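# An overview of the molecular structure
Residues per chain are reported as follows:
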Amino acid sequence: ALWYRAGALELSAAAERWSGLNTGIGGGTDGRATGVHFAAQQSIGQQGRVGAIVEIIDTSADNMAELDRNMLGVNGSYRSGAYVLDAQLMFAGNRRGLGDSGAINLGLGVTRQIDPMIDVYGAFSVTDNEANAQYKATDGGHGDEVGTVLGGTPMVISAGIILRF
């Protein structure tokens, strides 16, 4: 991974390579995949931040086709007093060899600082899958995953408390 910071602008890039993967499509465990990720984040004064992310995953075998896709996301954050508002919009393209397999995900959140050691938060996420897509609304945040069916529209709401020691 590479990171670069110039004032309020932060850029990052990463590459990864997996082998011995099996997603359950086509059987076998000989799947290999490579991924590249690019991100940019710009702070706007003390109150805000905007960002973008691009992810490109390429696979070597047909049993890995469900991972072979591109993704683009935009996000932002705004602080007002004790509140922080966050939003993220992600677009996953069609996977290799299968049309109508993309999705759009929207995530919204609000955090309120109660005191320097306690925050409370609420978050919402919804994924709109195309007919041949089955992306989740969340993916393992605390080991939990909210599944769906092909073409489904899963939603989650989360609330919690953050304690700092």
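Predicted, not measured: the structure shown is a model, and the values here were computed from it.

For the rest of this paragraph, the subject is the overall build of the chain. Helices and strands together make up the secondary structure of the chain, namely 0 helices and 9 strands. Order of helices (α) and strands (β) in the chain, N terminus to C terminus: β-β-β-β-β-β-β-β-β. Looking at the chain residue by residue over its 165 residues, the buried ones come to 26%. Taking contacts inside the chain between residues at least 6 apart in sequence as the whole, the part at least 24 apart equals 43%. Total accessible area on the chain is roughly 10200 Å²; 58% of this is exposed by carbon and sulfur atoms.

It is worth spelling out unusual backbone geometry at this point. With phi around 50 degrees, Asp-100 is a residue other than glycine that occupies positive phi space. With respect to the helices and strands, the residue Asp-100 is situated in the loop between strand E6 (83–92) and strand E7 (103–115).

Right, let's talk about the side chain of Arg-69 for a bit. Along the polypeptide, Arg-69 turns up in strand E5 (residues 69–80). Among the polar contacts listed, one links the side chain of Arg-69 to the side chain of Glu-55, at a separation of 2.8 Å. At a separation of 3.3 Å, a polar atom in the side chain of Arg-69 contacts the side chain of Tyr-135. If near-sequence neighbours (up to four positions away) are discounted, Arg-69 is found in contact with Glu-55, Ile-56, Ile-57, Ala-92, Gly-93, Asn-94, Arg-95 and Tyr-135.

The next point concerns a nonpolar patch on the surface. Nonpolar side chains collect at one region of the surface, where Val-36, Phe-38, Val-54, Ile-56, Leu-72, Val-74, Phe-91 and Ile-104 lie side by side and expose about 590 Å² of accessible area between them. Those elements that provide at least two residues to the nonpolar patch are strand E3 (31–44), strand E4 (48–59) and E5. Looking at Val-54, the relative accessible area reads 30%, which means it is partly exposed.

The subject of this paragraph is the pattern of salt bridges. Pairing is possible between side chains of opposite charge, provided their charged atoms come close. With the rule as written, the count across this model stands at 4 salt bridges. One salt bridge connects Glu-10 with Arg-5, and the closest N-O pair in it is separated by 2.3 Å. Judged by its relative accessible area of 17%, Glu-10 falls in the buried class. Relative accessible area serves as the criterion here: at 59%, Arg-5 is assigned to the exposed category. In this structure, Arg-96 and Asp-68 form a salt bridge, with 2.9 Å as the shortest nitrogen-oxygen distance. Of this pair, Arg-96 sits in the loop between E6 and E7 while Asp-68 sits in the loop between E4 and E5; the two residues are 28 residues apart in sequence, bridging distant segments of the chain. On the accessibility criterion, Asp-68 (10% relative accessible area) is buried.

Attention shifts here to the pairing of E7. Relative to E7, E6 runs antiparallel, the two sharing 10 bridges. From the neighbouring strand, Leu-89 faces E7, where its bridge partner is Leu-106. Bridging between E7 and strand E8 (residues 118–129) involves 12 bridges; their strand directions are antiparallel. The partner of Ile-104 across the bridge, within E8, is Asp-128.

Attention now goes to the side chain of Ser-125. Mapped onto the secondary structure, Ser-125 falls in strand E8. Within the local environment of Ser-125, its side chain forms a polar contact with the side chain of Asn-105, the two groups lying 3.1 Å apart. In this view, Ser-125 contacts Asn-105, Leu-106, Gly-107, Ala-137, Pro-154, Met-155 and Val-156; residues no more than four positions away in its chain are not counted.

Right, let's get into the environment of Gly-7. Mapped onto the fold, Gly-7 is located in the loop between strand E1 (2–6) and strand E2 (9–21). Residues Gly-7 and Gln-42, 35 residues apart in the sequence, show an inter-C-alpha distance of 9.0 Å.

Thresholds applied
Residues numbered from 1 in each chain as written. Predicted model: local features only at pLDDT ≥ 70, side-chain atom pairs only at ≥ 80, totals over all residues. Heavy atoms only, no water. Helix = DSSP H or I, 4+ residues; strand = E, 2+ residues; numbered from the N terminus. Buried < 20%, exposed > 50% of the residue type's maximum accessible area, 1.4 Å probe, protein only. Contact = heavy atoms within 4.5 Å. Areas by Shrake-Rupley, 256 points an atom, 1.4 Å probe, with all protein chains shown as cover. Polar contact = N/O pair within 3.5 Å; in protein donor to acceptor, adjacent residues only side chain to side chain. Patch = residues over 30% accessible without salt bridge, like charges linked within 9 Å, V, L, I, M, F, W, Y side chains within 5 Å. Salt bridge = Lys/Arg side-chain N within 4 Å of Asp/Glu carboxyl O. Pairing = 2+ DSSP bridges.

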